[in-house]
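# Understanding the architecture of this molecule
The lines below spell out each chain.
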Amino acid sequence: ALGSVSLSDGKLKMVTPFWTVVPTGLTWSADDLRLVYSRLNGTVQRFNGTDSTKVLGEVSVANGSEKLLGLEGFYPAVSSKGDKLAYATQSVTTNLWRRDLLHPKAPAVELISSSRPQYDAQYSPDGRHIAFDSLRSGVQTVWISDEDGGNLAQISDPGYVSGSPQWSPDGKKIAFDSLRRNRWEIYVADAAGGKPEKLVTNISSIIRPSWSRDGKWIYFVANEPVNHGIYRCPASGGDATIVWKAIHATNPQESFDGKTVYFVAATTLKTVALQAQPGTETEVDPSLRIPEPQYWALSPRGIYFVPAEAPDSVRYFEFASRRIRTVFAADRQLGLGLSVSPDGRYLASSAEDNTVRVWHLETGYQVIRL
């Protein structure tokens, strides 16, 4: 929250609440009637994975009324006359790319481009479509497209921060998480269109959905201090049962034989047997470490992952031989999310272009250009 303190009596007053995190920059207007701030917009923070888009706004100290300035930036500073605003802004272009696994040394092909960040691409079960997160509308929402990036369509509700799309096994539905009423919830949308429906269960704050191989269950992470862990509930909704209770366990994915669940704990990829007693958590491999929870993809015969010690590359862990090999070295910085096409031919990922710091001009403020 933003607040102020009276110098005469020392009393605190809340100006406006913030449900995200502390502002990334705060300054007084020249007349001392408003506060100019920077805050995260459309923030998705799931443990280590974050989107850091920041917007500038101002709030009245007297009544708490807010107004966004229509600018992305941080660390604002207002001149003494009040007619100039200086601030920093960071432009990062993150697009979706495809790598041919039969020819891994060939350059990656750009699938879906935008002037805003996008990531977490997921192939549909038939390989003909891709679901992904994008900030192209100004707020992170879930979109789908054809496999070549054509026929873009937004499937999550506009205006709500949403992400982590996962296809049902039959390819007819997509589950995703969405921030509503200051807490995370999971929604299920028809891939063909229509209003998403909330997944109703007995856990109040849930993120990172995924489907069981038979489509009967939806796994998720309980984003609560007390009930934290991996759960699953019927795909149609209902009470959830715990799969594994652990702090910071995330990204559950059921094995292709339906017997175990893979998940990430810190930088470690682990499994837990669905029918076993507590205490059967197992590391996939001691040498397999990933820098972010979304940096891995399960395939029938192994796991593609970005290694923590070499985040500019993709490696493959083969189940049968338990060997790890390097698939390719990336020609650009990899972003969040990996997905293998159903035929095993392609690997979709996000990748960042160069970061540029610029200064902008906004009507009503003369912005200093450095």
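It should be noted that the structure appears before, not after, this text.
What you see is a predicted model, and the numbers here were worked out from it, not measured in a lab.

How each quantity is defined
Residues numbered from 1 in each chain as written. Predicted model: local features only at pLDDT ≥ 70, side-chain atom pairs only at ≥ 80, totals over all residues. Heavy atoms only, no water. Salt bridge = Lys/Arg side-chain N within 4 Å of Asp/Glu carboxyl O. Helix = DSSP H or I, 4+ residues; strand = E, 2+ residues; numbered from the N terminus. Buried < 20%, exposed > 50% of the residue type's maximum accessible area, 1.4 Å probe, protein only. Pairing = 2+ DSSP bridges. Axes fitted to C-alpha atoms, helices over the stretch in contact; angles between N-to-C directions.

## Overview of the pattern of salt bridges
Tallied over the entire structure, the rule returns 14 salt bridges. Among the salt bridges present, the one from Glu58 reaches Arg34, with a minimum N-O distance of 2.8 Å. One end of the pair, Glu58, is in strand E7 (residues 54-60); the other, Arg34, is in strand E4 (residues 34-40), with 24 residues separating them in the sequence. Its relative accessible area of 8% is what places Glu58 among the buried residues. Taking relative accessible area as the criterion, Arg34 reaches 29% and is therefore assigned partly exposed. For Glu309, the salt bridge identified is with Arg315, shortest N-O distance 2.7 Å. The network of salt bridges with common partners includes Asp31, Arg34, Glu58 and Lys67.

## Quick notes on the sheet that holds strand E31 (residues 313-318)
If you trace the four strands from one edge of the open sheet to the other, you get E29-E30-E31-E32, paired in antiparallel fashion. In this open sheet, the two edge strands, each paired with only one partner strand, are strand E29 (296-299) and strand E32 (324-329). The mean angle between the axes of side-by-side strands here comes to 20°, regardless of whether they run parallel or antiparallel. In this structure, E31 lies alongside E32, joined through five bridges in antiparallel fashion. Each bridged residue has a counterpart across the sheet, and for Tyr316 the counterpart in E32 is Arg325.

## A look at the sheet that holds strand E20 (residues 197-198)
One open sheet holds the four strands; their spatial order is E17-E18-E19-E20, and the pairing between them is antiparallel. Sheet topology places strand E17 (162-167) and E20 at the edges, where each strand pairs with a single neighbour.

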